[in-house]
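Geometric and topological summary
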Amino acid sequence: MDASNMEGGIVSGPELALKSLEPADLTLLYGDLIRDPVKNSHTSRRRRPPVFQSFPGLATKEERDLIKTFRLNRETILDLCHQLEPDLLPHNRNTRAMTPIVKLVAVLHFVATSSFQYTVAVSGGLSQPTFSDVLQDVLASLMRHINSYIQFPKQQELATVKGEFYALGGLPHVVGAIDGTHIALVPPHASEKVYRNRKNFHSINGQVVCLTDLYISRVCACFPGSTHDSFVLRNSTISLQMSQHGLERAWLLCDSAYPNRQWLLAQLRNPTTPLEVRFIEAHRRTQRPVERAFGLLKASIALQRNILIIAEEGDHEEPLGEDVEMPNEDDGEEEGIGLLQDVIDYFFT
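These notes cover the structure that comes with them. (Residues numbered from 1 in each chain as written. Predicted model: local features only at pLDDT ≥ 70, side-chain atom pairs only at ≥ 80, totals over all residues. Heavy atoms only, no water.)

**Re the overall build of the chain**
For the chain, the helix and strand inventory stands at 14 helices and seven strands. The buried share among the 349 residues of the chain stands at 40%. A separation of at least 24 residues holds for 65% of the contacts in the chain among residues at least 6 apart in sequence. When the accessible surface of the chain is summed, it comes to about 20,400 Å², and 54% of that surface belongs to carbon and sulfur atoms. (Helix = DSSP H or I, 4+ residues; strand = E, 2+ residues; numbered from the N terminus. Buried < 20%, exposed > 50% of the residue type's maximum accessible area, 1.4 Å probe, protein only. Contact = heavy atoms within 4.5 Å. Areas by Shrake-Rupley, 256 points an atom, 1.4 Å probe, with all protein chains shown as cover.)

Have a look at this one:
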């Protein structure tokens, strides 16, 4: 009689194989079911581990393609993702949740191309509402970490900074070049007029302090385009820091749109002597880093549509409160003009 013909009916091959196993072998095969049959029943299935959406293109793309798409190289993207990861991790057990790197590169692509949300979302396999949520999350995380990247030189670093500026044009004691730039946007409907600048388009008047290596050490982007550069400066924390908590023999360079102060050297409008001509040339060379920084920033990151979102989320600097006593607009201007003349006479004779 065939071994498969047993009492109670015909036993199939697999059933016969199971009957021949020792109890220890059955435990190895079905240990979970034996230990906790209720947990593994069809009414209480074990949850599958999450399978997050990934971004394989980051590992396979050429470096030049990454820079073209995101305006950042692979190392910078990964470093930034590491910094933002705690804020961008999924908050639920959705098996299709996006990883931090997917969220970050989607937003970087949006900022780099100045495209529409729908276009970027479709290219990344997302819906527009999902991308809108991701955009807000990433921007909020960036703002929480911005002070790690934008820092004014510390006291022990000032001597080095002054030396680097002096090498550019021969002006001493310079710790930064300051200027403003208008960044176009679609304005909020309720306050459209205040965003219209003197060139007749809507903008944010962004103020930046820059070092010789184009490192941005201070940003104020709190004011609409109708505000004057001098007003932005007067109501920013850098003005308070330099005037009331002044650094000893430390100057910022600016163009002629700003007033002269004890800590602020503005460009001369109408030189009348050879010394003033030499000063103007030295001033122009020394202030060049901030102009180059603006050019590179606008060329590498398309800010036209995206700055509105950043402005609504917050900026590195916020307008000073009404309880902060700021110096009068005319305070220090006479001393500033005197300092300017002393600099011209002493250093360009």
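Moving on from the model shown.
**Concerning unusual backbone geometry**
At Asn 200, a position not held by glycine, the phi torsion is positive, near 70°. With a relative accessible area of 54%, Asn 200 lands in the exposed category. The backbone of Leu 214 sits at a positive phi, close to 70°, despite the residue not being glycine. Secondary-structure assignment places Leu 214 in the loop between strand S4 (203-210) and strand S5 (216-224).

**Some thoughts on the environment of His 82**
Tracing the sequence through the fold places His 82 in helix H5 (residues 74-88). The sequence separation of His 82 and Pro 100 amounts to 18 residues, and the corresponding C-alpha distance is 8.7 Å.

**Thoughts on the sheet that holds S5**
Sheet strands associate in pairs through backbone hydrogen bonding, adopting either a parallel or an antiparallel arrangement. If you trace the five strands from one edge of the open sheet to the other, you get S5-S4-S3-S6-S7, paired in mixed fashion. Where the open sheet ends on each side, the last strands, each with one partner, are S5 and strand S7 (264-266). Going from strand to strand, the sheet's axes swing by 25° on average, the running direction of each strand aside. Note: strand S3 (residues 174-184) against strand S6 (residues 251-254), three bridges, orientation parallel. Following the sheet pairing, Gly 176 is matched in S6 by Leu 252. (Pairing = 2+ DSSP bridges. Axes fitted to C-alpha atoms, helices over the stretch in contact; angles between N-to-C directions.)

**Some thoughts on the packing of H5 against helix H6 (residues 100-113)**
Look at H5 against H6: their axes get within 9 Å of each other, and the N-to-C directions meet at 115°. Like other packed secondary-structure pairs, H5 and H6 cross with a definite hand, here right-handed. Within the contact between the two elements, H5 uses Ile 77, Leu 78, Leu 80, Cys 81, Leu 84, Glu 85 and Leu 88 and H6 uses Pro 100, Ile 101, Lys 103, Leu 104, Val 105 and Leu 108. Its residues assigned to classes, the contact of H5 with H6 shows 11 nonpolar, no polar and two charged. (Left-handed = near helix turned anticlockwise from the far one by under 90°. Nonpolar A, V, L, I, M, F, W, Y, C, P; charged D, E, K, R; others polar.)

**As for the side chain of Asp 229**
If you trace the backbone, Asp 229 turns up in helix H10 (residues 229-234). One buried charge, Asp 229, has no salt-bridge partner; the nearest side chain with opposite charge is Arg 198, at 5.4 Å. Looking at Asp 229, its side chain comes within polar contact range of the side chain of Asn 205, at 3.1 Å. Non-local contacts of Asp 229, meaning those with residues more than four positions away in its chain, are made with Asp 179, Gly 180, Asn 205, Gln 207, Ala 257 and Tyr 258. (Lys, Arg positive; Asp, Glu negative; His and termini not counted. Salt bridge = Lys/Arg side-chain N within 4 Å of Asp/Glu carboxyl O. Polar contact = N/O pair within 3.5 Å; in protein donor to acceptor, adjacent residues only side chain to side chain.)

**Side note on H5**
If you look at H5, its biggest bend is around 40°, right at His 82, and the proline Pro 86 turns up within four residues after that. Of the positions making up H5, those classed as buried are Ile 77, Leu 80, Cys 81, Leu 84 and Leu 88. (Bend = angle between axes of the 7 residues up to and from the residue.)

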